[in-house]
Amino acid sequence: MPCIKRLISSSLVFFALNPCSLLAQQHAEQNHAHYVVPKDSLVRQKLAQWQDIKFGLLMHWGTYSTWGVVESWSLCPEDEGWCVRRGPHAANWYDYKRAYENLQTTFNPTKFNPERWAVAAKDAGMKYVVFTTKHHDGFCMFDTKQTGYKITDPKTPFSTNPRSNVAKEIFGAFRSQDFMVGAYFSKPDWHVPYYWDPYFPPKDRNVSYAPKKYPERWQQFKDFTYNQIQELMTGYGKIDILWLDGGWVRPASTIDSTISWQRTIPYDQDIDMARIARMGRSHQPGLLVVDRTVTGEFENYVTPEQSIPDTYLPIPWESCMTMGDSWSYIPKENFKSSRKLVQTLVDIVAKNGNLLLNIAPGPDGEWHEEAYGRLKEIGAWLRVNGESIYGTKPVAPYRQKQWAFTGNGNATYQTYLPTDGETPPATVTLAGVSSKTKVTLLGYSKSLKTRSTPEGLVVSLPEPVRQLLTNQPAWVFKIQ
């Protein structure tokens, strides 16, 4: 994905998951104190709606799934772990790039069935989707008119399929299940000659020429980018989120010299976000624009990657994380347990965030079956305990040891996150709760006996309750 992994609060817990984690650990903090509240009332309204739904699906999918390699980054000529080339073409970058881009001629995901994904995601309790319409490699998963490097081009076998415009099909399938819809779009494009000009071989992820020296070339790239985003904003139904990746494409004035990866940006790469946002919202009123890592008016919410802030954040934010180890499809994936995934969601919501969970389709157009199983297990927990998640706000002290605190105005929820194999005890103590409150356990219809102590309200858990809670990823106590 992005691999623009950066920290977002004064302290962050980082989960090392894939080679891109090395990059994330090099990144310094993004100063969220400079967050800009949107002026547009429709944007604020949509942002509030988005903050209430809490849980979304991200999908990274492209020709790279054919090889089962990292998304786009093996094309990047940087000496970093996540850019390593492998396979028969690895020895020579030019040969490799030619072979990589030739994957277009064999990409044929005939098992593509977005309705199955949408139903599974809805049953899991997900409420919004963000799909990679184009990653850094420049291959378009939509029917752009700006380039032939796309899934609908005659060179691509899948172009003859009536569902070849996969972005449109995915957005339609998820919209029919009442999802908010987001378009992931990479600002850098390593295929188009307006960014990596073939006269100047690329040295790194950045534009291969000096935009100030070649302003006409850069204007071509700006127009190309604007036109592609305009296509997405006008031909693909209602779009709620424009999720822009590739944070090195930014005005020089926004580069934060205290952040290591931003110090390496050699040029001003201003693509005129004001013009893009204005156009987007003229077609999609209230559109959330997420110009990742570029703090300011076009980053409507911030996006820590593969990481969770250590404490509550007072601004809108979303952790984008992988269900397995990789953003892109790999043949043998190491999926996190449903316990880990549920507890991650609870942790994030208690700190005022959303979870955007990535699942990668394979070259045949299907997910690993194990991914469906994880979603089913998450959904089973949310059907019982979802009222402690959706439409809630964090409640102080937010997170304390194994407890998470949320509320919705009518009730507060104290959620306990047990360790793997932890046996439910005979009693639990709810801190800060008076004897005059009613305490229930979500998923258990009978009342629970309580007694007041200086430490808090002690709740008795009879044997049937302990059996119910055994092996559950989180236990939710409702306080009214």
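Above this text is the structure in question.
Residues numbered from 1 in each chain as written. Predicted model: local features only at pLDDT ≥ 70, side-chain atom pairs only at ≥ 80, totals over all residues. Heavy atoms only, no water.

It is worth spelling out the sheet that holds strand β16 (residues 456-460) at this point. The sheet built from 3 strands is open, its strands ordered β13-β16-β15 with antiparallel pairing. Across the chains shown, the open sheet's two edge strands, defined by having one partner strand only, are β13 (427-430) and β15 (450-453). Across the sheet, the mean angle separating the axes of adjacent strands is 25 degrees when strand polarity is ignored. Of the strand pairs in this sheet, β15 and β16 are connected by 4 bridges, and their pairing is antiparallel. Bridge pairing in β16 links R451 to V458. (Pairing = 2+ DSSP bridges. Helix = DSSP H or I, 4+ residues; strand = E, 2+ residues; numbered from the N terminus. Axes fitted to C-alpha atoms, helices over the stretch in contact; angles between N-to-C directions.)

Looking now at the sheet that holds strand β17 (residues 475-479). Read across the sheet, 5 strands follow the order β10-β11-β12-β17-β14 without closing on themselves; strand pairing throughout is antiparallel. With partners counted over all chains shown, the strands left at the sheet margins are β10 (393-400) and β14 (439-441), one partner each. Strand-to-strand twist in this sheet, taken as the mean axis angle between neighbours without regard to direction, amounts to 20 degrees. Taken together, the 3 bridges between β14 and β17 define a ladder with antiparallel strand orientation. For V439, the partnering residue across the bridge sits in β17 and is I479.

This brings us to the packing of helix α9 (residues 338-350) against helix α10 (residues 369-385). Look at α9 against α10: their axes get within 9 Å of each other, and the N-to-C directions meet at 50 degrees. By the angle between their directions, the pair α9 and α10 is classed as oblique. Between α9 and α10 lies a crossing of right-handed hand. Taken together, the residues of α10 that come into contact with α9 (itself represented by S338, L341, V342, L345 and V346) are R374, E377, I378, W381 and L382. Split by residue class, the contact of α9 with α10 holds 7 nonpolar, 1 polar and 2 charged. (Parallel < 35°, antiparallel > 145°, perpendicular 65-115°, else oblique. Left-handed = near helix turned anticlockwise from the far one by under 90°. Contact = heavy atoms within 4.5 Å. Nonpolar A, V, L, I, M, F, W, Y, C, P; charged D, E, K, R; others polar.)

Within the fold, V428 resides in strand β13. Judged by its relative accessible area of 7%, V428 falls in the buried class. C-alpha separation for the pair V428 and L461, spaced 33 residues apart in sequence, amounts to 7.6 Å. With sequence-adjacent residues up to four places away left out, V428 is seen in contact with L457, V458, V459, L461 and F477. (Buried < 20%, exposed > 50% of the residue type's maximum accessible area, 1.4 Å probe, protein only.)

For helix α5 (residues 166-175), the complete set of buried residues consists of V166, A167, I170, F171, A173 and F174. Down the axis of α5, the buried side of the element spans an arc of 165 degrees, and every buried residue falls inside it. On its buried face, α5 is in contact with β2 (55-59), α4 (114-123), β3 (128-134) and β4 (180-186). (Arc of directions from axis to C-beta.)

This part takes up the nonpolar core. Generally speaking, a soluble globular protein has its nonpolar side chains buried in company with each other. Ranked by internal contacts, the top residues of the largest apolar core, which has 121 residues, are F174, Y195 and W367. Contact partners of F174, with chain neighbours within four places excluded, come to L57, M59, P114, W117, A118, A121, V129 and F179. Judged by nonpolar contacts, the second largest core, of 18 residues, contains Y416, V428, L430 and V439. (Core = buried A, V, L, I, M, F, W, Y, C linked by side-chain atoms within 4.5 Å.)

Keep in mind that these numbers describe shape and distance, not what the molecule does.
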